[in-house]
Amino acid sequence: MALVGGPMGRVVPASRFDTPLSYEALPGMGHAGIVVLDDSVSAAALAQHLYAFAVAESCGSCTPCRVGSAQLARCRDRAALERLLDTMELGSLCGFGQGVPRPLRDLLAAFPEELLPC
Ligand code: SF4
């Protein structure tokens, strides 16, 4: 898989490597820097990295981002995780909290069994 545009960008699974590198095909890909992850990195490991990044970088000024970032790793139910991502995206004050859900939605769509193993 590849992470396109950094930790608030887009995750492209290997099965979709034919996706054009364009803002139309990958909205929210930001600066479009590409990090390709080989099979030694699982979707769950990437999710954990993104969760930790969100917690570390949230400035804490607004509740959806501050609390939401801390709760991401605790979600074990798809509906609950999707509600939390919606809350962060719609309720956060700045682009950081609004952008954290973007790659996580891609991971959830492509690898639901790895993100939600229970
Ligand atoms: S969304 Fe922005 S303002 Fe709100 S806690 Fe996160 S970084 Fe701070």
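The preceding data block contains the structure.
Residues numbered from 1 in each chain as written. Predicted model: local features only at pLDDT ≥ 70, side-chain atom pairs only at ≥ 80, totals over all residues. Heavy atoms only, no water.

Asker: Hey, could you go over the sheet that holds strand E2 (residues 10–12) for me, with residue numbers and the actual values?
Answerer: Taking strand neighbours across the sheet as the criterion, the three strands line up as E2-E1-E3 in an open arrangement whose pairing is antiparallel. The outermost strands of the open sheet, each flanked by one partner alone, are E2 and strand E3 (34–36). Here the average twist between neighbouring strands, direction ignored, is 20°. Examined bridge by bridge, strand E1 (residues 2–4) and E2 share three bridges and lie antiparallel to one another. For Leu3, the partnering residue across the bridge sits in E2 and is Val11. (Pairing = 2+ DSSP bridges. Helix = DSSP H or I, 4+ residues; strand = E, 2+ residues; numbered from the N terminus. Axes fitted to C-alpha atoms, helices over the stretch in contact; angles between N-to-C directions.)

Asker: I'd love a proper account of the pattern of salt bridges, names of residues and values included.
Answerer: With the rule as written, the count across this model stands at four salt bridges. Close ionic contact of Arg78 with Glu82 constitutes a salt bridge, the shortest N to O distance being 3.0 Å. Of the two residues, Arg78 and Glu82 are both situated in helix H3 (residues 78–91); the distance of four residues between them amounts to about one turn of the helix. Under the relative-accessibility criterion, Arg78 is labelled partly exposed at 37%. Through salt bridges with shared partners, a single network forms among Asp86, Glu89 and Arg105. (Salt bridge = Lys/Arg side-chain N within 4 Å of Asp/Glu carboxyl O. Buried < 20%, exposed > 50% of the residue type's maximum accessible area, 1.4 Å probe, protein only.)

Asker: Outline unusual backbone geometry, listing residues and values.
Answerer: Positive phi is not limited to glycine here, since Ala32 has a value of about 70°. Structurally, Ala32 is set in the loop between E2 and E3.

Asker: Would you mind going over the site of the ligand in detail, with residue names and values included?
Answerer: The environment of the ligand is made up of Ser58, Cys59, Gly60, Ser61, Cys62, Cys65, Ser92, Leu93, Cys94, Phe96 and Gly97. For the shell around the ligand, the class distribution of residues is six nonpolar, five polar and no charged. (Near = heavy atom within 4 Å. Nonpolar A, V, L, I, M, F, W, Y, C, P; charged D, E, K, R; others polar.)

Asker: Quick rundown of the packing of aromatic side chains? Include the residues and the values.
Answerer: Considering all chains together, one arrives at one aromatic pair under this definition. Measuring from centroid to centroid gives 5.8 Å for Phe53 and Phe96, while their planes differ by 45°, and the two rings are tilted. With Phe53 in helix H1 (residues 43–57) and Phe96 in helix H4 (residues 95–99), the pair connects residues that are 43 residues apart, well separated along the chain. (Phe/Tyr/Trp six-rings, centres within 6.5 Å; stacked < 30°, edge-to-face > 60°.)

Asker: Mind laying out a nonpolar patch on the surface, listing which residues take part and the relevant values?
Answerer: A grouping of Phe17, Leu21, Ile34 and Val36 is seen on the molecular surface, where their side chains present a nonpolar patch of about 410 Å² in accessible area. Among the structural elements, Phe17 can be located in the loop between E2 and E3. (Patch = residues over 30% accessible without salt bridge, like charges linked within 9 Å, V, L, I, M, F, W, Y side chains within 5 Å. Areas by Shrake-Rupley, 256 points an atom, 1.4 Å probe, with all protein chains shown as cover.)

Asker: Can you lay out the nonpolar core for me, pointing to particular residues and giving the numbers?
Answerer: Judged by nonpolar contacts, the single largest core of 26 residues is most densely connected at Met1, Leu72, Leu81, Leu104, Leu107 and Leu115. When residues of this core are traced back to their parent elements, those giving at least two are H1, H3 and helix H5 (101–110). Among the elements that line this core, the one with the most residues is H1, at six residues. Setting aside chain neighbours within four positions, we find Leu107 in contact with Met1, Val11, Ala43, Leu46, Ala47, Leu50, Pro112 and Leu115. With six residues, the next largest nonpolar core counts Ala2, Val4, Leu26 and Ala32 among its residues. (Core = buried A, V, L, I, M, F, W, Y, C linked by side-chain atoms within 4.5 Å. Contact = heavy atoms within 4.5 Å.)

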